[in-house]
Amino acid sequence: MAEELTALRKYQLVELKIFKEFMRVCEEHDLTWWVGWGTLLGAVRHQGFIPWDDDIDVCMPVDDYLKFREVCHQGALGDEYYFQCHADNVHDLIYWQRIGLKNTTSLPRDYCDVPGMWGICIDVFPLAPAPARENEAESKKFRAAEKRMDQLASRYYYKKEAQLKGGLRRLYC
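Residues numbered from 1 in each chain as written. Predicted model: local features only at pLDDT ≥ 70, side-chain atom pairs only at ≥ 80, totals over all residues. Heavy atoms only, no water.

### Observations regarding helix α3 (residues 62-73)
Piece 1. Taking 1.5 Å of rise per residue, the 12 residues of α3 would be expected to cover 16 Å, and the 17 Å separating its terminal C-alpha atoms lies within 8% of that figure.
Piece 2. Residues of α3 that are buried: Asp-64, Tyr-65, Phe-68, Val-71 and Cys-72. Down the axis of α3, the sector holding all buried residues measures 130°, keeping them to one side.
Piece 3. The first or second residue beyond α3 is Gly-75, which carries a positive phi of 95°. (Helix = DSSP H or I, 4+ residues; strand = E, 2+ residues; numbered from the N terminus. Expected span 1.5 Å × (residues − 1). Buried < 20%, exposed > 50% of the residue type's maximum accessible area, 1.4 Å probe, protein only. Arc of directions from axis to C-beta.)

Quick look at the structure:
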């Protein structure tokens with residue numbers, strides 16, 4: 001058990017290195033971000049990682065999320081890091097952006113057949129404000145975008161199920 005924790009802690013430290021690079025780029029380009037989900041819980045409750053957690057999740061307002069993508073494409077990340085998003089690799093089933101450390105591997109077995117960068121990485125999610133219910137045109141656009149994100153997410157989350165089951169599940173996935 002102690003060896004597993006040591007390996008997990010090493011993994012977390014690599015993610016922390018990537019997170020520091022993310023913060024550097026965001027500070028350099030005046031981008032707003034927040035930690036989210038388990039990362040936020042760990043920061044508050046454990047002053048770091050949740051002891052058994054193995055990922056870092058950050059969120060950005062949509063405009064900064066898109067600007068982050070742009071500056072990464074322009075070479076803002078250090079040479080040892082990579083940037084990946086669905087828009088750059090349609091085979092990538094993950095709809096959010098990731099930055100990771102080159103020459104590392106963190107690949108779920110189910111995704112061995114998906115071409116792309118599968119190193120140790122952190123996840124970067126967009127946050128979009130929901131329009132006021134009174135604004136029907138904006139609400140309709142927002143729901144369409146939300147539906148598209150759900151479709152991309154279902155491709156990721158249910159890939160294995162789609163391979164194993166037929167019929168309606170496969171059609172949905």
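### Some points on the sheet that holds strand β1 (residues 34-35)
Piece 1. Judged by pairing direction, the sheet is mixed, and its five strands sit side by side in the order β1-β2-β5-β4-β3 without closing on themselves. Strands with a single pairing partner mark the edges of an open sheet, and in this sheet they are β1 and β3 (81-84).
Piece 2. Relative to strand β5 (residues 121-127), strand β4 (residues 97-101) is paired through four bridges, and the arrangement is antiparallel. Bridge pairing in β5 places Gln-97 opposite Val-124.
Piece 3. Packing of helix α2 (residues 37-45) onto the sheet brings it into contact with β1, β2 (57-61) and β5, and relative to β2 it is tilted by some 110°.
Piece 4. In this fold α3 packs onto β2, β3, β4 and β5, with an angle of close to 110° to the strand it touches most, β2. (Pairing = 2+ DSSP bridges. Contact = heavy atoms within 4.5 Å. Axes fitted to C-alpha atoms, helices over the stretch in contact; angles between N-to-C directions.)

### A short note on the environment of Glu-80
Piece 1. When you line up the elements, Glu-80 lands in the loop between α3 and β3.
Piece 2. Through-space distance from the C-alpha of Glu-80 to that of Leu-101 is 6.0 Å; in sequence the pair is 21 residues apart.
Piece 3. If sequence neighbours within four positions are ignored, Glu-80 has contacts with Lys-17, Gly-100, Leu-101 and Lys-102.
Piece 4. A polar contact of 3.0 Å, which involves the side chain of Glu-80, links it to the side chain of Lys-17. (Polar contact = N/O pair within 3.5 Å; in protein donor to acceptor, adjacent residues only side chain to side chain.)

### Notes on the pairing of β3
Piece 1. Burial along β3 is two-sided: the face carrying Tyr-81 and Phe-83 and the face carrying Tyr-82 and Gln-84 are both buried.
Piece 2. Relative to β4, β3 runs antiparallel, the two sharing four bridges. Across the sheet, Gln-84 pairs through a bridge with Arg-98, a residue of β4.

### Some points on the pattern of salt bridges
Piece 1. For the structure shown, the criterion picks out three salt bridges.
Piece 2. Between Lys-17 and Glu-80 there is a salt bridge, with its nearest N and O atoms 3.0 Å apart. Pair noted here: Lys-17 is in helix α1 (residues 2-28) and Glu-80 is in the loop between α3 and β3, with a separation of 63 residues, a long-range link.
Piece 3. Using a relative accessible area of 38% as the deciding quantity, one classes Glu-80 as partly exposed.
Piece 4. Measuring nitrogen to oxygen at the nearest pair gives 2.8 Å for the salt bridge that ties Glu-28 to Arg-24. (Salt bridge = Lys/Arg side-chain N within 4 Å of Asp/Glu carboxyl O.)

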